[in-house]
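Each chain is listed here by its residues.
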Amino acid sequence: MPANAPETWEDDEMHDHSEDVASGGAGADARDPSGFGNSGASRRAFLKSGAGILAAGAVALPATARAQDADPELAGLLRERRILIKGGVVLTLDRQVGDFARADVLIEDGKIREVRPDIAVGGDAAAVIDASRRIVVPGFIDSHHHFYQGLLRNILTNGLLNPDYNRDISSTLTPAYQPADVYAGALVTALGMIDMGTTAAVDTSQVSHTPEHTDAGIRALQDAGIRAVYAYWRGQGPATQYPQDVARLQKTYFGSQDQLLTLALGATLDAKVFAFAREAGLRTVSHGVSNATERALLELGRAGLLRPGDEYIHCTQLSDEAWRLIKDTGGRVSLATPIEMAMGHGMPGIQSALDHGIRPSLSSDVDATMAQDPFTIMRATFTLQRLMVLQRASRGETNLPPLLTCRDVLEFATIEGARCADLDRKVGTLTPGKEADIVLLAADRINVWPLNNAPGAVVNVMNPGHVETVLIAGKPKKWRGNLVGIDLPRVLRLAEEARDGVLRRAGFAMNLLG
Ligand SMILES: [Zn+2]
């Protein structure tokens, strides 16, 4: 790690409110979802121990209440090293492998072994999932979401980025988070994502007020069992250890390549931050990239600090020069189409990205305002790009770019998300050899059937209610409509208690009926 780590790091979209968090410290008044007892010295000792905010599996169902005990099919899926998904409409989204009106997917030891019709396996050698009248797709990938904000769903439902979000979320509510709140927020976000078919995401955290806050966020991702890139980011207040604490994180949580979590550095467009990331060997995830900040981006480019695989979020109204720089340096782009439209970030750069040869990924950004479900984001992207092109056509313009198709948008939400998160070697398509992050969508519902076009059904007809079964690395995380192994009442209670605590400390009143 570089010794010359800068002392202050400004975030494009956040104000520093050191005084607000100063009393928070390392978890004073933190609730204790780990069951270590809710008061006194033992809790503080645990929080300070560095062992993390929670015991692993704190939200796992007790053995007496496990669904698999009552469901032999689920028990088989959890037990067998081979799983056969049989007879589904399979969209691999891998052009080499192709798509199938009816095929099987064989999973072995968590990885996709084979995709083709009529795979035969002997008798008891595999657990079988009947996928008839199901569309089988790669798990959706959300390339930018602030997980800790799960507690704040819809709290800013009609808000703008400026001044509402900056004032209420960044400056008032975020500083009031304690580690247990970060855990609860990230947990409901991650489990909510899995429930809606999102198997991987980039957590652009922004709440590392102390190392304990950081630990809590990472533990929530681990406990939820989602695949995620943890983009370590500064918090607020005097105890933030950004960026130098990333060395500890690398050692503590990210030593293995063979795990669901990977690490990146959340970065402002600052040469010191980028130089730090380069020395630490980390990809950068840059937030708030727009016409207002692009001069800094161009300077980073001139300084030779941009690397292939770096992620740029929003990219609203960039100049041709900035787009060319991102393309030429191998950058990845994340567009939060619905949020950018609703909150005043500027025109989403869908067409600009495509015009510069960049296939964008999609992201949900904040659920303080908008749903995090992939269907909403895909549909908004599909409709907006077409509106923009069709408006140009109606004005008599010729030589127009092609209209997006449902398949294009489905790729943005899967393989392009994987590329953006640097996970495309592992996931993003149903390619033999990749890890089995797979979603089964129920097409035999009264609001979908009969099925006439599979990509169209996924992008333009379905909603999260059609997400029936979700596998991550071959492990069932949602089975026939229910999350697997999660003590849901406990999670809901944690989220509500944490929400209450954050609002109380922030002195913020929610408006339930407004
Ligand atoms: Zn964001």
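Our structure is the block above this text.
Residues numbered from 1 in each chain as written. Predicted model: local features only at pLDDT ≥ 70, side-chain atom pairs only at ≥ 80, totals over all residues. Heavy atoms only, no water.

1. Observations regarding a nonpolar patch on the surface
No. 1: On the surface, a cluster of nonpolar side chains totalling about 390 Å² of accessible area is made up of Met510, Leu512 and Leu513.
No. 2: Along the chain, the position of Leu512 falls in the segment after helix 18 (488–506). (Patch = residues over 30% accessible without salt bridge, like charges linked within 9 Å, V, L, I, M, F, W, Y side chains within 5 Å. Areas by Shrake-Rupley, 256 points an atom, 1.4 Å probe, with all protein chains shown as cover. Salt bridge = Lys/Arg side-chain N within 4 Å of Asp/Glu carboxyl O. Helix = DSSP H or I, 4+ residues; strand = E, 2+ residues; numbered from the N terminus.)

2. A few points about the coordination of the zinc ion
No. 1: Protein-derived ligands of the zinc ion are His144 (NE2), His146 (NE2), His287 (NE2) and Asp365 (OD), with the metal-ligand distances lying across 2.0 to 2.2 Å.
No. 2: Given 4 donor atoms and angles of 84 to 161 degrees at the metal, the environment of the zinc ion is assigned as irregular.
No. 3: Mapped onto the sequence, the residues coordinating the zinc ion show the spacing H-x1-H-x140-H-x77-D. Of the two residues, His144 sits in strand 6 (residues 140–145) while Asp365 sits in the loop between strand 13 (361–362) and helix 14 (374–394), which places them 221 residues apart along the sequence. Grouping residues by exposure puts His144 and Asp365 together as buried. (Donors = N, O, S within 2.8 Å, 3.2 Å for Na, K, Ca; no water. Tetrahedral: all angles 85-135°; square planar, octahedral: opposite > 155°, others 65-115°. Buried < 20%, exposed > 50% of the residue type's maximum accessible area, 1.4 Å probe, protein only.)

3. Digging into the environment of Asp328
No. 1: Along the chain, Asp328 falls in helix 11 (residues 320–328).
No. 2: Taking relative accessible area as the criterion, Asp328 reaches 64% and is therefore assigned exposed.
No. 3: Taking the C-alpha atoms as reference, Asp328 lies 8.7 Å from Pro308; in sequence the two are 20 residues apart.

4. Some points on the pattern of salt bridges
No. 1: In total, this model carries 32 salt bridges according to the counting rule given.
No. 2: For Arg81, the salt bridge identified is with Glu108, shortest N-O distance 3.7 Å. Of this pair, Arg81 sits in the loop between helix 4 (72–79) and strand 1 (82–91) while Glu108 sits in strand 2 (residues 99–108), and the two are 27 residues apart along the sequence.
No. 3: Among the residues examined, Arg81 registers a relative accessible area of 47% and is labelled partly exposed.
No. 4: Using a relative accessible area of 16% as the deciding quantity, one classes Glu108 as buried.
No. 5: What emerges from the salt-bridge pattern is a single network uniting Arg81, Arg82, Glu108, Asp109 and Arg113.

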